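The chain contents come next:
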Amino acid sequence: MSSNEEVDQERRCFLRRATTAVGGIGLAVGAVPFVSYWLPSTDTEAAGEPIEVDISALKPIEQLTVVWRGKPIWLIRRTQAMLDTLPKLNNLLRDPNSEEDQQPSYAKNIYRSLKPEFFIAVGVCTHLGCIPTYRPDVGGVSADWLGGFYCPCHGSLYDLAGRVFKGVPAPKNLVIPPYTYLSDTLVQIGKDKEGTEIE
Ligand code: FES
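Definitions and limits used
- Residues numbered from 1 in each chain as written.
- Predicted model: local features only at pLDDT ≥ 70, side-chain atom pairs only at ≥ 80, totals over all residues.
- Heavy atoms only, no water.
- Pairing = 2+ DSSP bridges.
- Helix = DSSP H or I, 4+ residues; strand = E, 2+ residues; numbered from the N terminus.
- Axes fitted to C-alpha atoms, helices over the stretch in contact; angles between N-to-C directions.
- Core = buried A, V, L, I, M, F, W, Y, C linked by side-chain atoms within 4.5 Å.
- Buried < 20%, exposed > 50% of the residue type's maximum accessible area, 1.4 Å probe, protein only.
- Contact = heavy atoms within 4.5 Å.
- pLDDT = per-residue confidence, 0-100.

J.: Is there a simple way to explain the sheet that holds strand 8 (residues 156–158) in this structure?
T.: Backbone hydrogen bonds hold the strands of a sheet together, and the pairing may be parallel or antiparallel. Across the sheet, which stays open at both edges, the three strands sit in the order 6-7-8 with antiparallel pairing between neighbours. Two strands close off the open sheet at either side, each with one partner strand: strand 6 (133–135) and strand 8. Taking the axes of each pair of neighbouring strands and ignoring which way they run, one obtains an average angle of 25° across the sheet. Relative to strand 7 (residues 148–151), strand 6 runs antiparallel, the two being bridged by three bridges. Across the sheet, residue Tyr134 finds its bridge partner in strand 7, namely Phe149.

J.: Could you clarify how one ought to interpret the nonpolar core in this entry?
T.: Across soluble globular proteins, you tend to see nonpolar side chains buried next to one another. If you look at the biggest cluster of nonpolar residues, it comprises 44 residues, and the most contacted ones within it are Val53, Val66, Leu75, Ile120, Phe149, Tyr179 and Ile189. The element that contributes the greatest number of residues to this core is strand 5 (residues 118–122), accounting for five residues. Apart from the residues within four sequence positions on either side, Ile189 is in contact with Pro50, Ile51, Val53, Val66, Trp68, Ile73, Leu75, Ile120, Pro177, Pro178 and Tyr179.

J.: Even after reading the chapter, I still don't get the confidence of the model for the protein chain, so can you show me in this structure?
T.: Atomic detail in the predicted coordinates should be set aside for any region of low pLDDT. On average, residues of the protein chain carry a pLDDT of 84, and 75% of them reach 70 or more. Note that residues 13–31 has pLDDT below 50 and, in this model, 19 contacts with residues that lie over four places away or in other chains.

J.: Explain the pairing of strand 3 (residues 63–68) to me, please; I cannot follow it from the model alone.
T.: Consecutive side chains of a regular strand alternate in pointing toward one face of the sheet and then the other. Counting buried positions along strand 3 yields five of six residues, so the element is predominantly enclosed. Pairing geometry for strand 3 and strand 4 (residues 71–77), over six bridges, is antiparallel. What sits directly across from Leu64, in strand 4, is Leu75. Here strand 3 folds back onto strand 4, and the loop between the two strands holds two residues, one of which, Arg69, carries a positive phi near 50°.

In structure tokens, the structure reads:
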């Protein structure tokens, strides 16, 4: 690919990213009970420091998006019904056991999380970096859809643990950032007890 084509490709993806973000908000109003955004202070963000997020108000199925190191970080409270979908999908997934290095060791499990109830992930598609849309609505993306994430840029699909489906452009599962619970309702993102680092 020539450098011009690369720039074009990058630009197209950026434009899609922008429209995805806007479209995602519109869609979320109808499809998701509650979606909220929280931005850290400019100083914290500039320094790339860990952030603390209060999850006490997060209700089942709801998604909270925060920004850490310029990336959207999703916090989703999964119901038991949502967790029950995960083992059913293993055969359809590219890396069902999270063998690829896309998460800290404590998230290398079927839930890809420290506590099954709370899913915390970097909301960036592993194909070309668009922001996938949260689609917990069963049957919403296809007749057999059990809930997950849909990237409208090139159609990549992930389950409710951010595990990528086979046959889509995205090569890997969504990245899980380092995090730790400071209390039952306070999560620190960007730093964990193991000292995990991600780009
Ligand atoms: S960026 Fe291509 S499918 Fe998500």
